[in-house]
Amino acid sequence: MEHITLLIAIVIVTALAFDFTNGFHDTANAMATTISTGAMKPKAAVAMSAVLNLVGAFLSVEVARTISGGIIDESAGVQPEVIFAGLVGAILWNLLTWLAGLPSSSSHALFGGLIGATIASVGLDAIHGDAVVMKVIVPALVAPLVAGFAAMAATRLTYRVARNADERATSKGYRAGQIGSAALVSLAHGTNDAQKTMGVMTLALIAGGVLAPDSDPPMWVIASAGIAIALGTYLGGWRIIRTLGKGITDIQPPQGFAAQTSAATTILASSHMGFALSTTQVCSGAVMGCGLGRKGGVVHWSTARRMVVAWGLTLPAAGIIGALGALLAEQGTWGVGAVLALLIAGSIAIYVRSRKEPVDHSNVNDVNGVNDAQPAEAAPAESGPEPAPVPLQVTITRTAPAGRAGEEPSVPDQPTTTV
């Protein structure tokens, strides 16, 4: 490995920090439905997801190639400080949407930050517009719809096939299926999202002259990106897990299984084709689809609208932050230091604000203060004090002898005996 300057080292560390935020921001994609239905305990769920994210990072580099050489022209003179500014925009937007509990796209935050910083520094000609349209915008519009319709159809088919089966027995089977499909989503997430950070790190190494153009990510880049996203996943983005698991629709085990299977299929197919799509949008679309697929299911459209608005704002908002950061970073060493200081200060402020209303594994399923998780198995009724016996009222009536002719018969008291 050739000599890495201090600036490139800062860019690489910042890229890994983004990867870490990507991990806890997107944990909900794989585990929200599994946790909300009680198929797995929250901590066990995020631990399994973290391991599989790490494994998935080693399966492919197609998406990394799209990031490092597909969207930004490597020969346009993009400097490492520009990439650094783009990462700052992505990280701050990730943290803001995490604070709001909105499952926005970490991928689009990254794309927006890089595109905004590049345009501000080099110009619009440094962006491959056709690649942005075909490999970012079109998948962003199509993938959630595909996953949503697939989940809706799968949910309807699932309920139709199991309509005469014992509900208790099938629920256990679907919860087991949820664990398997959640594992598949986690693997797909590592394959897709970890590669985006690999691509950014590779782009920084190319811009700094450490790697030749069109190089694949070195093994140490792949390993470090996989470890960073796995650590972030284990931390758990509990706020977004609550929104995706409880805020969109009330998910039952068959719905969770259908949603996760549909999402995993969509993500793995897109990773194979090199589409850097948003796993968040895919999984959110699948959750909405499974809500529409169950008869009597309800989708909370107010929450869905907030999510869609956040999706629309992600690219331009992260792009504006990245552009401002690039203009400041280009002023020299003090500019890079100022951008780094603003990143640290903003991150601390968001964290402090989040502590006022903490959400963690102990209350992630609480809705209006009540834990709404469906247990994996029906718990036996708790034994309590026996109710007091209800008094039995027995009425004993004595018949008086008949009176003489012309006299009213006397009616004695009718005593009541309580047993």
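Residues numbered from 1 in each chain as written. Predicted model: local features only at pLDDT ≥ 70, side-chain atom pairs only at ≥ 80, totals over all residues. Heavy atoms only, no water.

### Brief notes about the overall build of the protein chain
Note the cut-off: Secondary structure elements follow DSSP: runs of H or I no shorter than four residues count as helices, runs of E no shorter than two count as strands, and numbering proceeds from the N terminus. Per-residue accessibility, obtained with a 1.4 Å probe over protein chains only, is compared with the maximum for each type, and a residue is labelled buried under 20%, exposed over 50%, and partly exposed between these values. Whether two residues are in contact is decided by their heavy atoms: any pair within 4.5 Å suffices. Per-residue accessibility takes into account occlusion by the displayed protein chains alone, with areas from the Shrake-Rupley method and a 1.4 Å probe.
Each helix and strand in the protein chain was counted, giving 13 helices and four strands. Looking at the protein chain as a whole, 51% of its 419 residues qualify as buried. Sequence-distant contacts in the protein chain: of pairs separated by 6 or more residues, those separated by 24 or more amount to 84%. Carbon and sulfur atoms make up 65% of the accessible area of the protein chain, which amounts to about 19100 Å² in all.

### With respect to a nonpolar patch on the surface
Heads up, the condition is: A patch consists of residues exposed above 30% relative accessible area that lack any salt bridge, with like charges linked at up to 9 Å and nonpolar side chains (Val, Leu, Ile, Met, Phe, Trp, Tyr) linked at up to 5 Å. Should a side-chain nitrogen of Lys or Arg be within 4 Å of a carboxyl oxygen of Asp or Glu, the pair is scored as a salt bridge.
Residues Val133, Met134, Ile137, Val138, Leu141, Val142 and Val146 make up a contiguous nonpolar surface patch of about 570 Å² in total accessible area. Considering the arrangement of structural elements, one finds methionine 134 in helix α6 (residues 129-161).

### Let's talk about the side chain of threonine 158
By the element assignment, threonine 158 lies in helix α6. For threonine 158, a relative accessible area of 13% translates into the label buried. With residues near it in sequence (within four places) discarded, threonine 158 still touches Tyr174 and Pro254.

### Concerning the packing of helix α1 (residues 6-36) against helix α9 (residues 238-247)
Filter applied, for reference: Think of each axis as a best-fit line through the C-alpha atoms, taken over the contacting stretch in the case of a helix, with angles from 0 to 180 degrees between the N-to-C directions. Roughly parallel means an angle under 35 degrees; roughly antiparallel means over 145; roughly perpendicular covers 65 to 115; every other angle is labelled oblique. Each helix crossing is assigned a hand: it is left-handed if the near helix lies turned anticlockwise from the far helix by less than a right angle, otherwise right-handed if that turn is clockwise. Gly is put with the polar residues, along with every residue not named as nonpolar or charged; the nonpolar set is Ala, Val, Leu, Ile, Met, Phe, Trp, Tyr, Cys and Pro, and the charged set is Asp, Glu, Lys and Arg.
In contact at an axis separation of 8 Å, α1 and α9 are set at 50° when each is read in the N-to-C sense. The angle between the axes of α1 and α9 places the two elements in the oblique class. For α1 against α9, the interelement crossing comes out right-handed. Counting all contacts with α1, which are made through His25, Thr27, Ala28, Asn29, Ala32, Ile35 and Ser36, the residues of α9 involved are Trp238, Ile240, Ile241, Leu244, Gly245 and Lys246. Partitioning the contact of α1 with α9 into residue classes produces seven nonpolar, five polar and one charged.

### Some words on the packing of aromatic side chains
What counts is decided by this rule: In summary, the pairing rule links any two rings of Phe, Tyr or Trp, Trp by its six-membered ring, whose centres are within 6.5 Å, and it sorts them by plane angle into stacked for under 30 degrees, edge-to-face for over 60 and tilted for everything else.
Tallying each qualifying case throughout the model produces two aromatic pairs. For the ring pair phenylalanine 20 and phenylalanine 24, a centre distance of 5.9 Å and an interplane angle of 70° mean the geometry is edge-to-face. Here phenylalanine 24 and phenylalanine 20 lie together in helix α1, a separation of four residues that amounts to about one turn. Among the residues examined, phenylalanine 20 registers a relative accessible area of 32% and is labelled partly exposed. Relative to tryptophan 98, the ring of phenylalanine 24 has its centre 5.7 Å away and its plane inclined at 75°; by these criteria the two rings are edge-to-face. In this pair, phenylalanine 24 sits in helix α1 while tryptophan 98 sits in helix α4 (residues 80-100), placing the two residues 74 residues apart along the sequence. Across this residue pair, the class does not change: phenylalanine 24 and tryptophan 98 are buried.

### Considerations on the nonpolar core
Our working definition: Only buried residues count toward a nonpolar core. Its members are Ala, Val, Leu, Ile, Met, Phe, Trp, Tyr and Cys residues joined through side-chain atoms within 4.5 Å.
In terms of nonpolar packing, the biggest core is built from 87 residues, with Ile83 and Leu87 touching the most fellow members. A total of 12 residues in this core trace back to one element, the largest contributor, which is α4. In contact with isoleucine 83, not counting residues within four places along its chain, are Val11, Val78, Leu114, Val200, Leu203, Ala204 and Ala207.

### Focus on the environment of asparagine 94
This is how it is decided: Two N or O atoms count as a polar contact when they lie within 3.5 Å, although within protein this holds only if one can serve as hydrogen donor and the other as acceptor, and sequence-adjacent residues are included solely when both atoms are side-chain atoms.
Relative to the helices and strands, asparagine 94 is located in helix α4. Through-space distance from the C-alpha of asparagine 94 to that of alanine 109 is 7.0 Å; in sequence the pair is 15 residues apart. The residues contacting asparagine 94, other than those within four sequence positions of it, are Phe18, Thr21, Asn22, His25, Ser106 and Ala109. A polar side-chain atom of asparagine 94 sits 3.3 Å from a polar atom in the side chain of serine 106.

### What to know about the packing of α1 against helix α8 (residues 219-235)
Each packed pair of helices is defined by two parameters, the angle between the axes and the distance between the axes. The geometry of α1 relative to α8 is characterised by a closest axis approach of 7 Å and an angle of 40° between their N-to-C directions. It follows from the interaxial angle that α1 and α8 lie oblique. Regarding α1 and α8, the two cross each other, and that crossing is right-handed. Two secondary-structure elements touch here, α1 through Ile12, Leu16, Asp19, Phe20, Asn22, Gly23, Phe24 and Thr27 and α8 through Trp220, Ser224, Ala225, Gly226, Ala228, Ile229, Leu231, Gly232, Thr233 and Leu235. For the contact of α1 with α8, the per-class residue count stands at 10 nonpolar, seven polar and one charged.

### Observations concerning α4
We count it as follows: Working rule for helices: expected span equals 1.5 Å times residues minus one.
Here α4 contains 21 residues, and its C-alpha end-to-end distance of 31 Å stays within 8% of the 30 Å for a straight helix at 1.5 Å per residue. Most of α4 is tucked away: 18 of the 21 residues are buried. Following α4 by one or two positions, glycine 101 has its phi on the positive side, about 70°.

### Description of the environment of glycine 245
Its location among the elements puts glycine 245 in helix α9. Distance from glycine 245 to asparagine 365, taken between C-alpha atoms, is 8.0 Å for residues 120 residues apart in sequence. When residues no more than four places from it in sequence are discounted, the contact partners of glycine 245 are Ala32, Ser36 and Ile251.

### Description of the side chain of serine 49
With respect to the secondary-structure elements, serine 49 resides in helix α2 (residues 42-56). Separated by 2.9 Å, the side chains of serine 49 and serine 186 make a polar contact. Each residue touching serine 49, except ones within four places of it in the same chain, is listed here: Ala30, Met31, Ser186 and Thr233.

### Some thoughts on the confidence of the model for the protein chain
Defined as follows: What pLDDT expresses is the predictor's confidence in each residue, scored from 0 to 100.
On average, residues of the protein chain score 79 in pLDDT, and 81% of them reach the 70 mark or higher. Taken element by element, the predicted model of the protein chain shows its lowest mean pLDDT in strand β4 (residues 416-418) (45) and its highest in helix α13 (residues 333-354) (93). Counting contacts from residues 402-412, a segment whose pLDDT is below 50, to residues more than four positions away or on other chains yields three contacts.

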